[in-house]
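An overview of the molecular structure
Each chain, written out:
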Amino acid sequence: MKKAVRPLKSLYFIWVLLLSGCASVYHLADEQVQTYRITEKTVDVADHSPIEEMIAPYRRQLTEEMDQVIGFVASDLEKGNPESSLGNFVTDAVLAEAQKITDLNYDFSICNIGGIRISSIAAGPINKGKIYELMPFDNYLVTMKVPGEVIGKLFDSMAQVGGWPISHGVTFQIKDQRAQNIMINGQPFDPQQTYSFVLSDYLAEGGGDLTFLKDYPYQNLGVYYRDALIEYVTLKNKNSEKIEAEIEGRVINLDL
Amino acid sequence: MHRRQFLRQTATTASLLSAGMFPMQAIARPKTTSLTILHTNDVHSRIDPFPMDGSRNEGLGGVARRSKLIQQIRAQEPNVLLLDSGDIFQGTPYFNFFAGELEIKLMSEMGYDATTIGNHDFDAGIDGLLKQLPHATFPFVTCNYDFDHTVLREQTKPYQVFEKGGVKIGVLGVGIALKGLVPEKLYADTRYLDPVTQANQVADKLRYEEKCDYIICLSHLGYKYQNEQIDDIKFARSSRNIDLILGGHTHTFMPQPDIIPNTENKPVMINQVGWAGILLGRVDVSFEKNRKNRCVTCQNLIVR
């Protein structure tokens, strides 16, 4: 048996040698790595470079749009936990917009704190670009109607992460990372009742760790959450009103 | 890991070293071909440099500067490949307003040779991505997204082969699992396939059928995760026939590339260059052409 195998093996060996020996081969001889940091200092660009010329019309259109002053902010708006002036502005604005669009009343609105992408808006004129920075994602404004027990879970979820922005008319306290003494528009929260509220499709689809919301349908208002904010500010300005939001004791964290 | 050296200094150091320490071999040096690979990842619609607003990255990046830098390198190097590892879209109002049109047009103008698809490239839906493809003069390579039941059917390629200075280079692409990361309505009926199985099949084909001398995988899997999720490190370890992985997704600024042994214990290099076009990565590869079955100059380059 052994004798029968040996010649085959050596044949195979020669065959491999022939193959590799005769083929025109490029051997990987060396790899060097470097990284360029792209700054004004390392690369000097002339204004008339073809690339700049390609960008220019788009940038012009964008700047025109983004630099548009759409309203005025009365005093600095800041983002934070458990309640913040910026968060109050956002949730009050989308609640008002949802009510305007559907001509229906909702019990409240929420926003995940991670969905607000800037830390503050300074007092003074506010342009469209600032709202894009605040909310760059194309999330839709949606509404949901759910049983009280789901609302209980929702408030506990918000309490667990130290509080999320919630609209005017709701108050609660965070104790041991749970929500307590929840008041909704002057009434104590009732787990037996049904509530309707305003949020983004991102959250309605279970984002922001609200997986329990996925089991319930939502109504898409067909408007981006961001555009609702722009519309709200624009309308306020038309009525010669400034954006005003303050911390008013909506959410109090007793764990701190 | 022998045949490679990974000095972070420039090529000059290496040639001085080899010329100084091995003068005889340096004189008898066989014919070599060099390839310069330039790469970006996660540019995220960052067309203009970051605004001067006191933020961490203020004044960094910008397509016009990157383009100029690429031009300068092209003027010096005969064989350049320009590649991107996905997430071209989303992050500035340019995307909100123009849906990625300018990003793709600029990449074509800069002469990108190939890209793969990142999760944010689905942000305008697969229809949105399809709409921008006519602006691309380069292929989108991906071997683990099955678009057969979508509008992107036959619009992407599993790989692309390039020939530069006689050397054949295969470029393939792998993408991240979309479920839970991208809303389902955006990726529609795209099927996610196992990146390791798919990439190994494609790399085998590139090596043995297409006879590629060097194989690059554009990856949007992400550099490294603590959990079981597939990342570039695990991918490299389970791969075969891939020489270089150019990564993305995790926005990792790697101080130096990683070298990971593959299933055949051959080294795979992994590199990733942060995000937003703040950096441009460059990998210079040299190849020695001979009729022997081993590389001569490679022996001089053992550093560690």
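Structural data are supplied above this passage.
Below is a summary of the structure that appears in this document.

**A closer look at the side chain of H44 of chain B**
Residue and element names in this part refer to chain B.
- Relative to the elements of secondary structure, H44 occurs in the loop between β1 (32-40) and α3 (63-76).
- Accessibility expressed as a relative area gives 8% for H44, which makes it buried.
- Sequence-distant contacts of H44, that is, excluding residues within four places in its chain, are made with D87, I88, F89, Q90, G91, T92, H120, H251 and W275.

**Details of the packing of aromatic side chains**
- Evaluation of the coordinates by the stated rule reveals 19 aromatic pairs over all chains.
- Linked through ring pairs, F108, F155, F172, F189, Y195 and F197 of chain A together constitute an aromatic cluster.

**Brief notes about the nonpolar core**
- Judged by nonpolar contacts, the single largest core of 77 residues is most densely connected at F89 and L134 of chain A together with F122 and F140 of chain B.
- For this core, the element with the highest residue contribution is helix α3 (residues 85-102) of chain A, accounting for seven residues.
- Both of domain 1 (10-66) and domain 2 (78-253) of chain A provide at least three residues apiece to this core.
- Contacts of L134 of chain A, omitting those with residues within four sequence positions, involve L86, F89, V90, G115, I116, R117, I118, I121 and L229 of chain A.
- Among the nonpolar cores identified, the runner-up in size contains 30 residues, and V150, M158, I166 and I182 of chain A belong to it.

**Observations concerning the sheet that holds strand β9 (residues 244-246) of chain B**
Residues and elements named next belong to chain B.
- The sheet built from six strands is open, its strands ordered β5-β6-β8-β9-β11-β10 with mixed pairing. The strands lining the two open edges of the sheet, one partner per strand, are β5 (159-164) and β10 (258-261). Pairwise comparison of adjacent strand axes, ignoring direction, gives a mean angle of 25° for this sheet.
- Pairing of β9 with strand β11 (residues 267-271), which is carried by three bridges, proceeds in the parallel orientation. Residue pairing in the sheet places L244 in a bridge with M269 of β11.
- Each of β5, β6 (167-174) and β8 (214-219) is contacted by helix α8 (residues 195-209), which is oriented at about 165° to β6, the strand it contacts most.

Basis of the calculations
- Residues numbered from 1 in each chain as written.
- Chains lettered and ligands numbered in written order.
- Predicted model: local features only at pLDDT ≥ 70, side-chain atom pairs only at ≥ 80, totals over all residues.
- Heavy atoms only, no water.
- Helix = DSSP H or I, 4+ residues; strand = E, 2+ residues; numbered from the N terminus.
- Buried < 20%, exposed > 50% of the residue type's maximum accessible area, 1.4 Å probe, protein only.
- Contact = heavy atoms within 4.5 Å.
- Phe/Tyr/Trp six-rings, centres within 6.5 Å; stacked < 30°, edge-to-face > 60°.
- Core = buried A, V, L, I, M, F, W, Y, C linked by side-chain atoms within 4.5 Å.
- Domains from an automatic or database assignment.
- Pairing = 2+ DSSP bridges.
- Axes fitted to C-alpha atoms, helices over the stretch in contact; angles between N-to-C directions.

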